[in-house]
Amino acid sequence: MSLFLLKRLATLVGTLIGASIIVFLVLEILPGNAAQILMGPDASPEAVAALATQLGLDQPAWTRYWTWVQGLLTGNLGDSYTYGTPVLDLILERLTLTVPLAVMAMFFTTVLALVVGVTAAARHNKLGDVGLMGLTQVGIAIPNFWFAIMLILLFSVKLQWFSAGGFDGWGESAEDRMNALKSLLLPALSLAVVQAAILARITRSAVLEVMREDFVRTARAKGVTQRAVLWLHVLRNALIPVITVMGMQFAELLAGTIVVENVFYLPGLGRLIFQAISNRDLAVVRNCVMLLAAFVVIVNFVVDVLYAVIDPRIKASDI
């Protein structure tokens, strides 16, 4: 196990270094000048040059990259060009909304996918299986921003059960926190529907494959109920491909909040990235994109470790 962890940690570090280089280079080659955008089109060249010097944009690329990496390691991410505040403070403030939103969406995704996938597998080639898989096909085809708008029209405009957007913060009281969770419910559902449809189909395929194994027939021969066989024996052995997809989906949910947060006007990380791109605030864009990349790499590392926990037969040489 120690060799397994060392290999995965080495891969983690190497991937993060490669991701940082790519993120920095991609933003460097983008057209436009951050100092010019901040000063406006009518600013004099001297004023633009002075601001570029103040922001460190006149330094060589490798110097700025090394300064940025040092900041990543020490937590000093610099100041936002637009807001004039530390980037780290901006990101941490927005993560208090985006992370709970992604966790809530992942919860809905997991519950819906497991129930639909296992139920469809238990009714393989029957009407229930065909109907559920048809619904998942529709779910995959629906863009989450369109589904978000439909949820607003139904539950906010017509039924008036939820607000159409906005977020008042977590507050101090239990009632404030419940209201905050309520304001995240529709965005979480709009994020979860597509991911749940994909994961349900993966779950169904994995469960069907395991149901053909000999130990399943043995369990049935011993008188174990169908429900116990599916949920206690089959599902656990079918979890490896399911967890792989779940890991990728959770990382994708964080990135997918960019669209949904703008639909619901939520002040989260996704909206921060959108505004930073519009304002050419490279300090914010660079660090936010690197954060998302790091999150994807770390989630994949956790998934690999879970492989060995779920199936002890997996060794370092298998991955």
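Residues numbered from 1 in each chain as written. Predicted model: local features only at pLDDT ≥ 70, side-chain atom pairs only at ≥ 80, totals over all residues. Heavy atoms only, no water.

Enquirer: Could you clarify how one ought to interpret the pattern of salt bridges in this entry?
Expert: Side chains that differ in charge, positive against negative, can pair when their charged atoms come close. One pass over the structure, following the stated rule, counts one salt bridge. Two residues, Arg-204 and Asp-129, come together in a salt bridge whose shortest N-O distance is 2.8 Å. Here the residue Arg-204 occupies a position in helix H8 (residues 174–211), and Asp-129 occupies one in helix H6 (residues 127–141), the gap between them amounting to 75 residues. A residue is classified by how much of its surface remains accessible, and Arg-204, at 16% relative accessible area, is buried. (Salt bridge = Lys/Arg side-chain N within 4 Å of Asp/Glu carboxyl O. Helix = DSSP H or I, 4+ residues; strand = E, 2+ residues; numbered from the N terminus. Buried < 20%, exposed > 50% of the residue type's maximum accessible area, 1.4 Å probe, protein only.)

Enquirer: Teacher, can you tell me more about the packing of H8 against helix H11 (residues 239–263) here?
Expert: Each pair of packed helices gets described by two things: the angle between the helix axes and the distance between those axes. Viewed as axis vectors pointing N to C, H8 and H11 meet at an angle of 160 degrees, and their least axial separation amounts to 10 Å. With respect to their mutual orientation, H8 and H11 come out roughly antiparallel. The two elements H8 and H11 meet at a crossing, and its hand is right-handed. Between H8 and H11, the contacting residues are Pro-187, Ser-190, Leu-191, Gln-195, Ile-198, Leu-199, Ile-202, Thr-203 and Ala-206 on the first element and Pro-241, Val-242, Val-245, Met-246, Gln-249, Glu-252, Leu-253, Gly-256, Thr-257 and Val-260 on the second. Partitioned by chemical class, the residues of the contact of H8 with H11 number twelve nonpolar, six polar and one charged. (Axes fitted to C-alpha atoms, helices over the stretch in contact; angles between N-to-C directions. Parallel < 35°, antiparallel > 145°, perpendicular 65-115°, else oblique. Left-handed = near helix turned anticlockwise from the far one by under 90°. Contact = heavy atoms within 4.5 Å. Nonpolar A, V, L, I, M, F, W, Y, C, P; charged D, E, K, R; others polar.)

Enquirer: Just to check I follow, could you spell out a negative patch on the surface for this structure?
Expert: Among the surface-exposed residues, Asp-168, Glu-172, Glu-175 and Asp-176 lie close enough to one another that they form a single negatively charged patch. Given the relative accessible area of 34%, Asp-176 is considered partly exposed. (Patch = residues over 30% accessible without salt bridge, like charges linked within 9 Å, V, L, I, M, F, W, Y side chains within 5 Å. Areas by Shrake-Rupley, 256 points an atom, 1.4 Å probe, with all protein chains shown as cover. Lys, Arg positive; Asp, Glu negative; His and termini not counted. Charge placed at Lys NZ, Arg CZ, Asp CG, Glu CD.)

Enquirer: Can you help me understand the environment of Val-210 in this one?
Expert: The topology assignment puts Val-210 in helix H8. Considering only alpha carbons, one finds Val-210 and Leu-235, 25 residues apart in sequence, at a separation of 8.1 Å. Not counting chain neighbours up to four residues away, the residues in contact with Val-210 comprise Phe-215, Val-216, Val-234, Asn-237 and Ala-238.

Enquirer: Please clarify how the packing of aromatic side chains should be interpreted in this entry.
Expert: Two numbers describe a pair of aromatic rings. These are the distance of the centres and the angle of the planes. Per the stated rule, a full pass over the model turns up seven aromatic pairs. Taking the centre distance of 5.4 Å and the plane angle of 70 degrees together, the rings of Phe-24 and Tyr-65 count as edge-to-face. Here Phe-24, found in helix H1 (residues 2–28), pairs with Tyr-65, found in helix H4 (residues 61–74); they are 41 residues apart in sequence, far enough to count as distant. Like Tyr-65, Phe-24 is buried. One aromatic cluster is present, built from ring pairs that chain together Phe-24, Tyr-65 and Trp-68. Taking the ring centre of Phe-162 as reference, the NZ or CZ of Lys-182 above it sits at 5.5 Å. (Phe/Tyr/Trp six-rings, centres within 6.5 Å; stacked < 30°, edge-to-face > 60°. Lys NZ or Arg CZ within 6 Å of the ring centre and 35° of its normal.)

Enquirer: Whenever I open this one, the confidence of the model for the chain confuses me. Can you help?
Expert: Interpretation of this model should avoid reading the predicted coordinates in detail wherever pLDDT is low. Taken residue by residue, the chain gives an average pLDDT of 82. The fraction at 70 or more is 91%. Of all helices and strands in the chain, the one with the weakest mean pLDDT is helix H2 (residues 34–39) (65), whereas helix H5 (residues 87–122) scores best (90). (pLDDT = per-residue confidence, 0-100.)

Enquirer: Looking at this structure, I do not really get the packing of helix H7 (residues 144–158) against H11. What am I missing?
Expert: Where H7 meets H11, the axes come as close as 10 Å, and the angle between the chain directions of the two elements is 25 degrees. One element, H7, and the other, H11, form an angle in the roughly parallel class. Seen along the crossing, H7 lies across H11 with a hand that is right-handed. Residues Asn-144, Phe-145, Ala-148, Ile-149 and Ile-152 of H7 touch H11, and the partners they reach there are Val-259, Val-260 and Val-263.

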